[in-house]
Amino acid sequence: MKVNIRGKNLTVTQDIETRVKKKLGILDKYFIMSDNVEAKVLIRDYPVGQKIEVTIPTEYVLLRAEVVDNDVFNALDQVIDKLEGQIRKYKTRLSRKSKDNKLAFNIASIQPLDDEEEDVIVKTKTISPKPMDMEEAIMQMELIGHTFFVYKDTETDQISVVYKRHDGDYGLIETE
């Protein structure tokens, strides 16, 4: 696995780069993957600590985790733990759903989660997205108290989703 490390408001030292590559190397045992998989690591320095975001787009699943901590190396350890938890969770779900799973995991190296609950759909809704602009969609989302809203964009005539991010800002998902 290739590793691409970037720093924002922080210089990525040789020590940080070495430690990140070593820690991400631990995840190699879980995958049967080609060398063209690239883990993207973004390290940001904030007044309240350092934030590490790791994104690993494999052929079948996207692994992503982020952690904020006062120490960059503690944050790195925590983000690796989160990624390993995601891998175990995916493995458990896949083993329950199908015996012939196509996901490129090295299944023998992953311990399944015993306490993993099965996903249950408790409600199904059918909607007819109404034509509106993004500002109106945000207003509608806020009025109904949801964290996302599906609508038909009047500019592009496509289905779009506006959502509230963890930082309080808004995001937009557009379809092709």
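Procedures and definitions
Residues numbered from 1 in each chain as written. Predicted model: local features only at pLDDT ≥ 70, side-chain atom pairs only at ≥ 80, totals over all residues. Heavy atoms only, no water. Helix = DSSP H or I, 4+ residues; strand = E, 2+ residues; numbered from the N terminus. Buried < 20%, exposed > 50% of the residue type's maximum accessible area, 1.4 Å probe, protein only. Contact = heavy atoms within 4.5 Å. Areas by Shrake-Rupley, 256 points an atom, 1.4 Å probe, with all protein chains shown as cover. Pairing = 2+ DSSP bridges. Core = buried A, V, L, I, M, F, W, Y, C linked by side-chain atoms within 4.5 Å.

Novice: An account of the overall build of the protein is requested, with residue identities and associated values reported.
Specialist: Of the regular secondary structure elements, the protein holds 3 helices and 8 strands. Listing every helix and strand of the protein by position from the N terminus yields β-α-β-β-β-α-β-α-β-β-β. Out of the 176 residues in the protein, the part that is buried amounts to 28%. Taking the intrachain contacts of the protein between residues at least 6 apart in sequence as the baseline, contacts between residues at least 24 apart amount to 37%. Carbon and sulfur atoms make up 49% of the accessible area of the protein, which totals about 11900 Å².

Novice: Let's hear about the sheet that holds strand S6 (residues 148-153): which residues, and what values?
Specialist: The strand order S5-S6-S7-S8 describes an open sheet built from 4 strands, whose pairing is mixed. Strands with a single pairing partner mark the edges of an open sheet, and in this sheet they are strand S5 (131-132) and strand S8 (170-174). Sheet topology places S5 next to S6; 2 bridges connect them, and they run parallel. Bridge pairing in S6 links Met132 to Asp153.

Novice: Provide a residue-level description of the side chain of Glu84, including the pertinent values.
Specialist: One can find Glu84 in helix H2 (residues 72-97). Discounting chain neighbours no more than four positions away, the residues touching Glu84 are Ile26, Leu27 and Tyr30.

Novice: Tell me about the environment of Ile16, and name the residues and values.
Specialist: Looking at where Ile16 falls in the secondary structure, it is placed in helix H1 (residues 14-25). Judged by relative accessible area, which is 9%, Ile16 ranks as buried. Linking Ile16 and Phe73, residues 57 residues apart in sequence, is a C-alpha distance of 7.9 Å. Not counting residues within four places of it along the chain, the set of residues in contact with Ile16 comprises Thr11, Ile43, Val72 and Phe73.

Novice: Please provide a residue-by-residue account of the pairing of strand S3 (residues 49-57), values included.
Specialist: Of all 9 residues in S3, 7 are buried; the element is thus mostly enclosed. Bridge count between strand S2 (residues 38-46) and S3: 7 bridges; the pairing is antiparallel. Bridging from a neighbouring strand, Ile43 pairs with Ile52 of S3. Here S2 folds back onto S3 in antiparallel fashion, the turn holding 2 residues.

Novice: Describe the nonpolar core, with residues and values.
Specialist: Leu24, Ile52 and Ile56 are the most contacted members of the largest nonpolar core, which has 25 residues in total. Put simply, the parts of the chain that give this core at least two residues each are H1, S2, S3, strand S4 (62-69) and H2. Top element by residues in this core is H2. It accounts for 8 residues. Ignoring sequence-local partners within four residues, the contact set of Ile56 consists of Met1, Leu24, Leu27, Val37, Ala39, Val61, Leu62, Leu63 and Leu83. Core analysis: the second largest hydrophobic core is formed by 7 residues, Met132, Ala137, Phe149 and Tyr151 among them.

Novice: So what's going on with unusual backbone geometry? Which residues, and what values?
Specialist: Of note in the backbone geometry, Asn9 takes a positive phi value of approximately 60 degrees without being a glycine. By the secondary structure assignment, Asn9 is in the loop between strand S1 (2-8) and H1. Look at Asp157: it is not a glycine, yet its phi comes out positive at around 60 degrees. As for its position among the elements, Asp157 is in the loop between S6 and strand S7 (159-164).

Coordinates in, geometry out; function isn't part of it.
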